[in-house]
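# An overview of the molecular structure
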Amino acid sequence: MALFPPSTKMPLLNTACPWSSSAEDLKALYECPHTQAITVRTSLLKGFAQDDSHRMTFFGPSGESSSNCYGYSPIPLDQYLPMIRTLLTSSAPKKRIIISITGSVEEMGVLLSKIQKFAQEMDTAFGVEFNASCPNFKGKPPPAYNEAQLTAYLTAMAPYASPLLLLGIKLPPYTYESQFTSVINSLQSISHLSPSSQTHPISFLTATNTLGQGVVFSDQIFESDGRTIEVQNSREGAFETFALPQVFGGLAGASLHQLALGNVYRLTTLLKTSSDPKVQKIQVIGAGGAYDVASVERFRKAGASAVGCATGLGREGVAVFARMAGAAREVERIPVLTGARVPLLRASRHDSGIHGNDGLGGVEGLLSSTAPTVSSKLSSAQSTNVVAALAAAASALPSGQWLTIVATGALTNVALFVATYPELVRTKVDKIVLMGGAEGRGNRAPLAEFNILIDPEAAAMVFDAEVPVIIMPLNITHQALFSAADNERLLQRTDSSTFTTKAKTPLRHALSTLLMFFAATYKEVFDFHSPPVHDPLCIAYLSHPHLFKGKRYRVDVELGGSHTAGATVVDVYDYRSSNSAWDPRSAAPLSAMGDPESRESWGRNGKNVWVAEELDVEGFWKVFQEAVDKADKVSILNA
């Protein structure tokens, strides 16, 4: 029986590592939609005596390599079996579980007997991996480097092979030919011990474990503000010269990748060309530096039947599997670009009192800025300007297709675009939908809403561009209040959740923490008992316009008033329609409204803005929660 049945989709899993130690670790891995199997950290009969001298560190660009001087799990096998029972009896979709173990030849029999009994009790097949490859024990070389020792272990294991126990070996990195042939010799020597005439006692090999005797210096440590484990991963407490207290450690991640590919290729070639048909069926799990689609594809080309990950898991959490599976490709496809750093004419203003210092105050669960997906975005953002990118996107659209611009902050970048490329705006931009403005009372000035207030000149330019402009002012966003009941619906709380919010998923936790921070600041500053959601209304308008009612008006932005700068002046009663009702010193009548369907009528001489005034509040929150439900199925945060 194969550990992994034939599939067009490459199975992904973690390898035995520190990030598969606890019940919480295993639950996250088991529930990850992008793993097809999980591996429990290598356990012993009595547990490994781990102390502060057993540590790890990330190093290299973006921390894609690691080094550790660990031993095995401090949790014994007897404590892992109940954790596995919990996983198997949960509502999560069932997937393969690999139990990694090690010990003396005699202890292997005891360990396998326990797992055999457990498998029979659960009526479930398990992968059981003999870790024959840890390089971190001085004076105790891994048995997989010695053909006689490896054969002795395999001989002791063979009688336990069955459809319920699919046995495997975790191998160390090999660097010369005789090491590979020794493994094949050991496998061939026990082939006759198989209880089946069709299959070998060993179902799979994991290639490879870490490469010992690596040295990382303290100045090479990758310091991350993202997810780390509870052990050493920074310069704090490190030796003055070396990153690890034991100096030497096992290298893993990107630093091992090419050697791991070579090991997988050499092993799969020797297995397939073996004279023993049983040996030919043994599968190989590729491990060492896998963290994205490209690295998974390289392991496939090398002959792997599945791909394992450890360093990437430690650096990013289970989100790494989304990228390995290709689920993050759409995220990576969307460009992030640099815009204007200051308003057109005025000094910059920030509002940390509402949204926090970074604009995402209170949010928990987002990827670190140093995670490869994020850091690559931040780096590429410097490559081109958003104004040029908007022009390129509009120009590239085929005839009959239009660009829609959504703006939820200062309008500086949009203003630069409409001023620089007015013809593109007229011929290729369908509409501009923005959150901003207020009919009457403002929020960061008596009459001005913040997005308009911080660059009123830019807003005036956008409003007068010859393109339909739709605004979601405070008058309507203050109708969309996020209540306690809405938060409960969002969280879908569950007692088994590990989050402080008891959210059902990481995405729901992240959204709730962000909104609850906003709720607290809105209560403190504006005495709102429930916070309004502003920006989502722009997207809701595009997807469900029937939820909104409004009217087209002439809207001007006050630029010179000492008390009113940034105010959006909505001509509700059409004073600009004739000179008689309007001070001719201030503005000309709306001469372009003779053809209200023309682009000119949306410009400086027409009714230039459609103002949203009424919202189907119940309908909006229904759409909001449905969007979260859909996002929950594909979000990289839930990977």
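Criteria and thresholds
Residues numbered from 1 in each chain as written. Predicted model: local features only at pLDDT ≥ 70, side-chain atom pairs only at ≥ 80, totals over all residues. Heavy atoms only, no water. Helix = DSSP H or I, 4+ residues; strand = E, 2+ residues; numbered from the N terminus. Buried < 20%, exposed > 50% of the residue type's maximum accessible area, 1.4 Å probe, protein only. Contact = heavy atoms within 4.5 Å. Areas by Shrake-Rupley, 256 points an atom, 1.4 Å probe, with all protein chains shown as cover. Lys, Arg positive; Asp, Glu negative; His and termini not counted. Charge placed at Lys NZ, Arg CZ, Asp CG, Glu CD. Pairing = 2+ DSSP bridges. Axes fitted to C-alpha atoms, helices over the stretch in contact; angles between N-to-C directions. Core = buried A, V, L, I, M, F, W, Y, C linked by side-chain atoms within 4.5 Å. Expected span 1.5 Å × (residues − 1). Phe/Tyr/Trp six-rings, centres within 6.5 Å; stacked < 30°, edge-to-face > 60°. Lys NZ or Arg CZ within 6 Å of the ring centre and 35° of its normal. Left-handed = near helix turned anticlockwise from the far one by under 90°. Nonpolar A, V, L, I, M, F, W, Y, C, P; charged D, E, K, R; others polar.

### Concerning the overall build of the protein chain
Per the secondary structure count, the protein chain includes 23 helices and 19 strands. Across its three principal directions, the C-alpha atoms of the protein chain cover 105 × 50 × 45 Å. Among the 639 residues that make up the protein chain, the fraction classed as buried is 52%. For the protein chain, restricting intrachain contacts to residue pairs at least 6 apart in sequence, the fraction spanning at least 24 positions comes to 75%. If you sum the accessible surface of the protein chain, you get close to 28400 Å²; carbon and sulfur atoms cover 55% of it. The average position of the 54 basic charges and that of the 58 acidic charges among the side chains of the protein chain differ by 6 Å.

### Topic: the pairing of strand S14 (residues 429–435)
With five of its seven residues buried, S14 lies for the most part within the structure. Pairing of strand S13 (residues 403–407) with S14 involves five bridges; the strand directions are parallel. Looking at S14, one finds that Val 406 is bridged to Val 433.

### Focus on the sheet that holds strand S15 (residues 469–472)
Backbone-to-backbone hydrogen bonds join strands into a sheet, with any given pair of strands oriented parallel or antiparallel. Taken in spatial order, the five strands of this open sheet run S13-S14-S15-S19-S16, and their pairing is mixed. Two strands lie at the open edges of the sheet, namely S13 and strand S16 (548–553), each paired on one side alone. On average, adjacent strands in this sheet sit at an angle of 25° to one another, irrespective of strand direction. Where S16 meets strand S19 (residues 609–615), six bridges bridge the pair, whose relative direction is antiparallel. Note on S19: the bridge partner recorded for Tyr 553 is Val 609. Set on the sheet, helix H22 (residues 536–543) makes contact with S13, S14, S15, S16 and S19; between it and S14 the angle comes to about 145°.

### As for the nonpolar core
Ranked by internal contacts, the top residues of the largest apolar core, which has 79 residues, are Ile 97, Ile 169, Leu 187, Ile 202, Leu 205 and Phe 321. Not counting residues up to four positions away in its chain, the partners in contact with Ile 202 are Leu 154, Met 157, Leu 167, Gly 168, Ile 169, Leu 187, Ile 190 and Ile 282. In terms of nonpolar packing, the next biggest core, distinct from the first, is built from 34 residues, Ala 407, Ile 471, Val 570 and Val 611 among them.

### Overview of helix H23 (residues 617–632)
For H23, with 16 residues, the first-to-last C-alpha span of 23 Å sits near the 22 Å given by 1.5 Å per residue. Considered for burial, the residues of H23 that qualify are Gly 619, Phe 620, Trp 621, Val 623, Phe 624, Gln 625, Val 628 and Asp 632. For H23, the secondary structure elements touched by its buried residues are helix H20 (484–491), helix H21 (506–526), H22 and S19.

### Details of the sheet that holds strand S5 (residues 96–101)
With respect to topology, eight strands assemble into an open sheet ordered S1-S12-S11-S8-S7-S6-S5-S2, the strand pairing being parallel. Of all the strands in the sheet, just strand S1 (12–14) and strand S2 (37–43) have a single pairing partner and so form its edges. On average, each strand axis in the sheet is inclined to that of its neighbour by 25°, with strand direction left out of account.

### Quick look at the packing of aromatic side chains
The description of an aromatic ring pair rests on the distance of the ring centres and on the angle between the ring planes. Counted under the stated rule, the structure contains 22 aromatic pairs. Seen from their ring centres, Phe 48 and Tyr 72 are 6.3 Å apart, and the 85° between their planes marks the pair as edge-to-face. In this pair, Phe 48 sits in the loop between S2 and strand S3 (56–59) while Tyr 72 sits in the loop between strand S4 (65–68) and helix H2 (77–88), placing the two residues 24 residues apart along the sequence. Comparing Phe 48 with Tyr 72 shows no difference in burial state: the two are buried. Chaining the aromatic ring pairs together yields one cluster made of Phe 482, Phe 620, Trp 621 and Phe 624. When the ring centre of Trp 602 is taken as origin, the NZ or CZ atom of Arg 552, which lies over that ring, is 3.7 Å away.

### Here's the deal with the packing of helix H4 (residues 147–157) against helix H5 (residues 177–189)
For the pair H4 and H5, interaxial distance at closest approach is 9 Å and the crossing angle is 30°. Considering the relative orientation of H4 and H5, their crossing is right-handed. Counting all contacts with H4, which are made through Glu 147, Leu 150, Thr 151 and Leu 154, the residues of H5 involved are Ser 182, Val 183, Asn 185, Ser 186, Leu 187 and Ser 189. Partitioning the contact of H4 with H5 into residue classes produces four nonpolar, five polar and one charged.

### Details of the environment of Leu 81
Mapped onto the secondary structure, Leu 81 falls in helix H2. Leu 81 sits in the buried class, given a relative accessible area of 10%.

### Regarding unusual backbone geometry
If a residue is not glycine, its phi is most likely negative; likewise, a peptide bond is most likely trans. Residues Ala 207 and Thr 208 are joined by a peptide bond in cis, for which omega reads 15°. One can find Thr 208 in the loop between strand S8 (202–207) and strand S9 (211–215). For Gln 213, which is not glycine, the phi dihedral falls at a positive 70°. Mapped onto the fold, Gln 213 is located in strand S9. The exposure class assigned to Gln 213 is exposed, which follows from its relative accessible area of 56%. You will see that Val 247, though not glycine, has its phi angle at about 70°, which is positive.

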